[in-house]
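# Coordinate inspection notes
The chain contents come next:
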2 protein chains.
Amino acid sequence: MARLSFREQVLRVREDAIVSSVNRLLAEKGFDSMTVDEVAADVGIAKASLYKHFASKEALAAAAMVRVLQRAMHVIEAEADKPDASASDRLRAVTRWTLQVQLAGEMPSLPSQNSTLRSALIADRVYIDLLMEVSERLGQWIVQAQRDGSLTSQLPPEVILYTLFARACDPVLGFLKAGGQHSDEQIVDWVLSSCFDGLAARA
Amino acid sequence: MARLSFREQVLRVREDAIVSSVNRLLAEKGFDSMTVDEVAADVGIAKASLYKHFASKEALAAAAMVRVLQRAMHVIEAEADKPDASASDRLRAVTRWTLQVQLAGEMPSLPSQNSTLRSALIADRVYIDLLMEVSERLGQWIVQAQRDGSLTSQLPPEVILYTLFARACDPVLGFLKAGGQHSDEQIVDWVLSSCFDGLAARA
DNA sequence: GTCTATAGCCAGATAGAC
DNA sequence: GTCTATCTGGCTATAGAC
């Protein structure tokens, strides 16, 4: 790893602050409602300065997505290091982390319809590579869990993978939180249970 | 029911055409990306004429939501009329319908973050009343199914209700459809199974 | 690289003739 | 009620001084 000059470190820190703001605002308001002016105000710099760091609003969102995927990879690696956990345990743990992040208002949410954003994301090599890596790691655990009989074999691994990914934007968390009746832990437990155990009664 | 004059009937038909366009565009692009110009072009009238029928873009979206809730109520009533169905069967059937509508590109999707839209919706008495009625009808079936042991009692009825509602915007359907590998029926079956039976293997 | 100021665009809503 | 033409505001992005 090359040593960074002081100037480069300052740059890093500033960009990190920008991405943090973007991440939070994306979680709060979504991509379309978030304005670049807001981001600049939140970071405490001028809008034009933002554009010296990131070429476009889409690039800002992509950076936030890259960061959350990096966090996810760290969680995955931490789970992989636990010697006694089953594949199913690991998937549950990663899914739990996803729900917690969303409930904490730290999960950036992107509209799947916005085409300019989609284009920017699939053109972003770093983002795509990370997404593939996360998918592969989870995919291996899914297949393993199906083999050892802890996850259903009725569903293709692909369907299970997508279902887990979708927990990152599950609106049920927000509904329950809006009610204000339950603790975050309780909410996460319920959604996790509905996801893995289903709504139907177990025999 | 009062007889409508010819002029009023023409009005009805036109507004119905407008709501149809809005419904489809909302399903396709979402509220933020949908423009009023597009709606006008799709219906084939001038934008100013649209505003003679609906006061705002939010009102257009509300009308589409009212319509889809009316469709849902019809489905619910049709299910209620089936003499031999269990509460659980009825919930599955209504959920299946929801998934089919979404997969057919006919489910209007609204961003939960947009505040002006939220305000417009909760101010719309017709929308709120319908939403409450649908919730109550489903809620009764949920409690009943929990009592007869076909739905889990581990989760509060509220959680189950929200989980079913959330199927209307489940991104898993879109992911699987985008792959182009599977039939719509197959996709619906999988998602329905993941929802009710869960991802974990059944004993 | 940071700022202020502004260009350029687009979309929601309206004016006013017919 | 329908149209054409326009207003208005907000947002992304940039120019240009320092």
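The sections below set out a description of the structure shown in this document.

Criteria and cut-off values
- Residues numbered from 1 in each chain as written.
- Chains lettered and ligands numbered in written order.
- Predicted model: local features only at pLDDT ≥ 70, side-chain atom pairs only at ≥ 80, totals over all residues.
- Heavy atoms only, no water.
- Near = heavy atom within 4 Å.
- Polar contact = N/O pair within 3.5 Å; in protein donor to acceptor, adjacent residues only side chain to side chain.
- Helix = DSSP H or I, 4+ residues; strand = E, 2+ residues; numbered from the N terminus.
- Nonpolar A, V, L, I, M, F, W, Y, C, P; charged D, E, K, R; others polar.
- Buried < 20%, exposed > 50% of the residue type's maximum accessible area, 1.4 Å probe, protein only.
- Contact = heavy atoms within 4.5 Å.
- Phe/Tyr/Trp six-rings, centres within 6.5 Å; stacked < 30°, edge-to-face > 60°.
- Lys NZ or Arg CZ within 6 Å of the ring centre and 35° of its normal.
- Salt bridge = Lys/Arg side-chain N within 4 Å of Asp/Glu carboxyl O.
- Patch = residues over 30% accessible without salt bridge, like charges linked within 9 Å, V, L, I, M, F, W, Y side chains within 5 Å.
- Areas by Shrake-Rupley, 256 points an atom, 1.4 Å probe, with all protein chains shown as cover.
- Lys, Arg positive; Asp, Glu negative; His and termini not counted.
- Charge placed at Lys NZ, Arg CZ, Asp CG, Glu CD.
- Expected span 1.5 Å × (residues − 1).

Further remarks concern the protein's contact with DNA strand D. DNA strand D sits among 17 residues. The nearest are A:K47, A:Y51, B:R14, B:A46 and B:S49. Here DNA strand D approaches the protein such that, of its atoms within 4 Å, sugar and phosphate make up 60%. Note that a phosphate oxygen of DNA strand D is positioned 3.0 Å from one of the backbone N or O atoms of A:K57. Secondary-structure elements contributing two or more residues to the surface near DNA strand D are α2 (36-43) and α3 (47-53) of chain A together with α1 (6-33) and α3 (47-53) of chain B. In the surface near DNA strand D, the residues fall into eight nonpolar, four polar and five charged.

Our focus in this paragraph is helix α8 (residues 157-166) of chain B. Among all positions of α8(B), only B:V159, B:I160, B:L161, B:T163, B:L164 and B:A166 are buried. Each element contacted by the buried residues of α8(B) is listed here: α9 (171-179) and α10 (184-197) of chain A together with α5 (87-103), α7 (125-147) and α10 (184-197) of chain B.

Applying the stated criterion across every chain, the model contains two aromatic pairs over all chains. Taking NZ or CZ as reference, A:K57 lies 4.5 Å from the ring centre of A:F31, over its face.

Time to look at the interface of chain A and chain B. Interface extent is often summarised as the accessible area lost during association of the parts. Each partner contributes to the interface: chain A provides 39 residues, whereas chain B provides 40 residues. Here chain A and chain B share zero salt bridges between them. Connecting chain A to chain B are 18 residue pairs in polar contact (both at pLDDT 80 or more). Only α1 (6-33), α8 (157-166), α9 and α10 of chain A provide two or more residues apiece to the side of chain A that touches chain B. A total of seven residues in the side of chain A that touches chain B trace back to one element, the largest contributor, which is α8(A). When the residues that make up the side of chain A that touches chain B are grouped by side-chain class, the tally is 19 nonpolar, 12 polar and eight charged.

The immediate surroundings of DNA strand C are formed by 17 residues, with A:R14, A:A46, A:S49, B:V36 and B:Y51 found nearest. The sugar-phosphate portion of DNA strand C accounts for 60% of its atoms within 4 Å of the protein, the bases making up the rest. Between DNA strand C and A:R14, the relevant distance is 2.4 Å, taken from a phosphate oxygen to a side-chain nitrogen or oxygen of the residue. Considering each element in turn, the surface near DNA strand C owes the most residues, four residues, to α3(A).

In this section: a negative patch on the surface. All names here are of chain A. Together, E77, D81, E133 and E136 make up a negatively charged patch on the protein surface. Mapped onto the elements of the fold, E77 is located in helix α4 (residues 57-80). The partly exposed category is assigned to E77, whose relative accessible area is 35%.

Residues and elements named next belong to chain B. Its 17 residues place the ends of α5 24 Å apart at the C-alpha level, agreeing with the 24 Å of an ideal helix rising 1.5 Å per residue. Regarding α5, the residues found buried are A87, S88, R90, L91, V94, T95, W97, T98, L99, V101 and L103. Next to the buried residues of α5 lie α4 (57-80), α7, α8, α9 (171-179) and α10.

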